[in-house]
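# Structure assessment
Each chain is listed here by its residues.
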Amino acid sequence: MYAGPAQSCARWCRELALAGSVLAVTCAATSFAQDTAALDLCGPKSILVEPDSGDLLVLCERGDAVIRVDAETGAIQNRAATGDEPFALCAGPSGERLYVTCRRGQEVLELDAVSLDTLRRFPVAGDPTGVAVSKDGRRLFVGLHSLDQVAVIDLQSATITKRLAAGNGPQTLRSAPNTGRVYVTNLLSNPTPTDQPARNEITVIDDSTARVVDRIILEGANIGRDIAFSSDGSRAIVAISRPKNLVPMVQVARGWVVTNGFAVVSTMGEHTPMQFLIDLPNKAYADPYGVAITPDDSKFYLTSAGMDTVLSIDVRKLEHVQSEAAGGAIPRYQDHLGLSRRYVTARVGVGANPEAVAISLDGRHAYVANRLDDSISVIDTDSDHVTRTFALSAPRELSIEERGERFFHSAARTLQGQFACASCHPDRGFDGLVYDLEPDGLGMDTLDNRNMRGVEGTAPFKWVGTNPDITTQCGTRTAKWIMRTGWLSSMEVVELSTYIRSIPSVVNPQRRPDGRLTAAQRRGKELYERTTRNDGTPLTDVQRCDFCHPGPKGFDGRKFDVGTQGSRDRYAEFDSAHLNGVFESAPYLHDGRAATLEEIWTKYNLEDKHGYSSDWTKQQLNDLVEYLKSF
């Protein structure tokens, strides 16, 4: 298999024709940039249209670079190296400076907007994601995904002056025009009881005071991605998913696992946020991601990263539906699979895994970043057809990990395209939800979703440890109970599992760069490894933390009864979960009942079966938690 947008587009069109799809699609000619600056690997993650030239600034996640692309020819005019795994790009108010967050690099770069040279680097631990600049150009707002914070950086002193509490996993930061507000989308739901729906937060920050002034809750929503604003700043569109994790997974046949759509939010606080779907009754458009509104506010574009599609949405038609829904004429409109026909006017096929979208200055073109195709699709906004495709790298043979990554992010082989692996494991991690996976009765054996980051070397899998390796986990069981289709061939499962094993752990902000532990973490380590109670009485093996959780990843692959069997659990023994990245993977225990690490022992270890904790002091518990977060 070869990577390259020309091949991918042609293959996609052939498959589409055979499937009889109704998508509006044009397989346009692909332009390969004949330029010495062409990249070996790109992974376009973010697009910014330059306000003067109209050219494109493209952030290359896999190429660790930012490039300037001619918007007419697709030629790469300039490129500059960034830090490791760049994620978001924004411009300062004067247009003279650009700012780039680098997730694994744990830094924000300040670039010259013309030369793309790096002028300054701001170290920011905590998995930096979205970035925005204050209206006066004096402050940066940076989302810290792993810490659930927004860091405020004073650009004159180059120091972090504040850390604001955000929602769960800040994702995108954007300034709303004419409002003096910065809006923060959060990837995951705020913590809720495991038997209650998700509640995704949009955090609103006052630009001038750098204080949180509002927390807008999107009931039943999760996976908040991009946000875009109307030209006057009065309305925001947010890409979201609506999970149905509390019904058995076998309901996938009825379209009831994940639905996909967007939220409409009034920035003036005049209306309750409203959510609408982009799915059809028998066809879903998984993983809504990028959003862009045309300059005349007549339509907006929303990418479906899991179905390689961009949806064109007519704003006036949507407003009619909003009015009816607000008046009560459309019951449960937020879950209505038939409504999208009234406002989605085109479903445009593009390249693999489209995440970002931007609109040209004149509103005539939409530029779509196809992350796994190393290409940009150019959509004519009048006809809603792809007219050109810019290749950002030359065709080459895909590696086994790259082939697996495409399967991980594609919903095309799920029944009706409802979800991909990435839908429940966004950003290669987890979605923080509890699922009823198997047909064993409503509410039976509900299970916490596990983190994919750093999962290599942590077998066996499933909470009851029945799958000896990732290939088994992703094979027949996944096809039968989750995807409900033929899923993948044996070789394709190997490719998928190879990719999953390659996913690295997140850079841990709870651990010093030199690896040394803090004083509290050292004390916690002593408690973790202790062999006697506080009074000197010897502990049995199973009463010691490091007996069940030994080694650098804190697990031993065995099952234990730690007293957490619930009334609707068939099993008493559970896999000793690895502790790698445990600081970011709440909720805890097999069914997610513990909202925090502390609750594992303060609420759910009354019989001392999950380690002997009856004699711990509050300080010892605090120290242990600090140590666990260092894994």
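Residues numbered from 1 in each chain as written. Predicted model: local features only at pLDDT ≥ 70, side-chain atom pairs only at ≥ 80, totals over all residues. Heavy atoms only, no water.

### Focus on the sheet that holds strand β21 (residues 258–266)
Pairing within the open sheet is antiparallel, and its 4 strands lie in the order β19-β20-β21-β22. Edge positions in the sheet fall to β19 (227–229) and β22 (274–277), since each of these pairs with one other strand and no more. For this sheet, the mean angle separating the axes of adjacent strands, direction not counted, is 30°. As paired strands, strand β20 (residues 235–243) and β21 are joined by 9 bridges and run antiparallel to one another. Of the residues in β21, the one forming a bridge with Arg-242 is Thr-259. (Pairing = 2+ DSSP bridges. Helix = DSSP H or I, 4+ residues; strand = E, 2+ residues; numbered from the N terminus. Axes fitted to C-alpha atoms, helices over the stretch in contact; angles between N-to-C directions.)

### Examining the sheet that holds strand β9 (residues 107–112)
Across the sheet, 4 strands lie side by side as β7-β8-β9-β10; this open sheet has antiparallel pairing. The sheet terminates laterally at β7 (86–91) and β10 (118–123), the two strands that pair on one side only. Recorded for the sheet is a direction-independent mean angle of 20° between the axes of neighbouring strands. With 6 bridges connecting them, strand β8 (residues 97–102) and β9 associate as antiparallel partners. By the bridge assignment, Arg-97 is partnered in β9 with Asp-112.

### Concerning the pairing of strand β13 (residues 149–154)
With respect to burial, β13 is a largely interior element, 5 of its 6 residues being buried. Bridge analysis of strand β12 (residues 139–144) against β13 gives 6 bridges, and the strand direction is antiparallel. Considered in β13, the bridge of Leu-140 is made with Ile-153. Here β12 folds back onto β13 in antiparallel fashion, the turn holding 4 residues, of which Asp-148 has a positive phi close to 55°. In sequence, β13 turns back onto strand β14 (residues 159–165) through a hairpin of 4 residues, with Ala-158 there showing a positive phi of about 60°. (Buried < 20%, exposed > 50% of the residue type's maximum accessible area, 1.4 Å probe, protein only.)

### Description of the pattern of salt bridges
Pairs can form between side chains of opposite charge whenever their charged atoms are close. According to the stated counting rule, one finds 46 salt bridges in the structure shown. In this structure, Arg-371 engages Glu-355 in a salt bridge whose closest nitrogen and oxygen atoms are separated by 3.3 Å. With Arg-371 in the loop between β28 (365–370) and β29 (375–380) and Glu-355 in strand β27 (residues 354–359), this pair connects stretches of sequence that are 16 residues apart. The same class applies to Arg-371 as to Glu-355, namely buried. A salt bridge links Glu-529 to Lys-525, with the shortest nitrogen-to-oxygen separation between them at 2.9 Å. By relative accessible area, Lys-525 is classed as partly exposed at 29%. One continuous salt-bridge network, built from bridges that share partners, spans Lys-45, Glu-61, Arg-62, Glu-355, Arg-371, Asp-374, Arg-396, Glu-402 and Glu-405. (Salt bridge = Lys/Arg side-chain N within 4 Å of Asp/Glu carboxyl O.)

### As for the domain arrangement of the protein
Often the size quoted for an interface is simply the accessible area lost on bringing the parts together. Splitting the protein by domain gives domain 1 (9–404), domain 2 (405–502) and domain 3 (519–628). A separation of 39 Å is found between the C-alpha centroids of domain 1 and domain 3. (Domains from an automatic or database assignment.)

### A closer look at the pairing of β22
Burial along β22 is two-sided: the face carrying Met-274 and Phe-276 and the face carrying Gln-275 and Leu-277 are both buried. Where β21 lies against β22, 4 bridges are found, and the strand directions are antiparallel. Looking at β22, one finds that Phe-262 is bridged to Phe-276.

### Describing the environment of Asp-373
Locating Asp-373 in the fold gives a position in the loop between β28 and β29. For Asp-373, a relative accessible area of 3% translates into the label buried. Expressed as a C-alpha distance, the spacing of Asp-373 and Ser-393, which sit 20 residues apart in the sequence, is 8.9 Å. Here Ala-352 takes part through its backbone nitrogen, which lies 3.2 Å from a polar atom of the side chain of Asp-373. Within the structure, the side chain of Asp-373 is placed 3.1 Å from the side chain of Arg-406, a separation counted as a polar contact. (Polar contact = N/O pair within 3.5 Å; in protein donor to acceptor, adjacent residues only side chain to side chain.)

### Focus on the packing of aromatic side chains
Evaluated as defined, the whole model comprises 12 aromatic pairs. Relative to Tyr-333, the ring of Phe-276 has its centre 5.3 Å away and its plane inclined at 35°; by these criteria the two rings are tilted. Of this pair, Phe-276 sits in strand β22 while Tyr-333 is found in the loop between α2 (315–326) and α3 (340–343), placing the two residues 57 residues apart along the sequence. Just as Phe-276 is buried, Tyr-333 falls in that class too. Judged by centre distance (5.8 Å) and plane angle (50°), the rings of Tyr-528 and Phe-631 are tilted. Remark: Phe-631 occurs in the segment after α12 (618–628) and Tyr-528 occurs in helix α9 (residues 519–528); sequence separation between them is 103 residues. Assigned by exposure class, Tyr-528 and Phe-631 land together as buried. Members of the aromatic cluster, connected to one another through ring pairs, are Phe-262, Phe-276, Phe-300, Tyr-333 and Tyr-343. Lying across the ring of Trp-463, Arg-450 places its NZ or CZ 4.1 Å from the centre. Positioned above the aromatic ring of Tyr-604 is the side chain of Arg-593, whose terminal nitrogen or guanidinium carbon lies 5.6 Å from the ring centre. (Phe/Tyr/Trp six-rings, centres within 6.5 Å; stacked < 30°, edge-to-face > 60°. Lys NZ or Arg CZ within 6 Å of the ring centre and 35° of its normal.)

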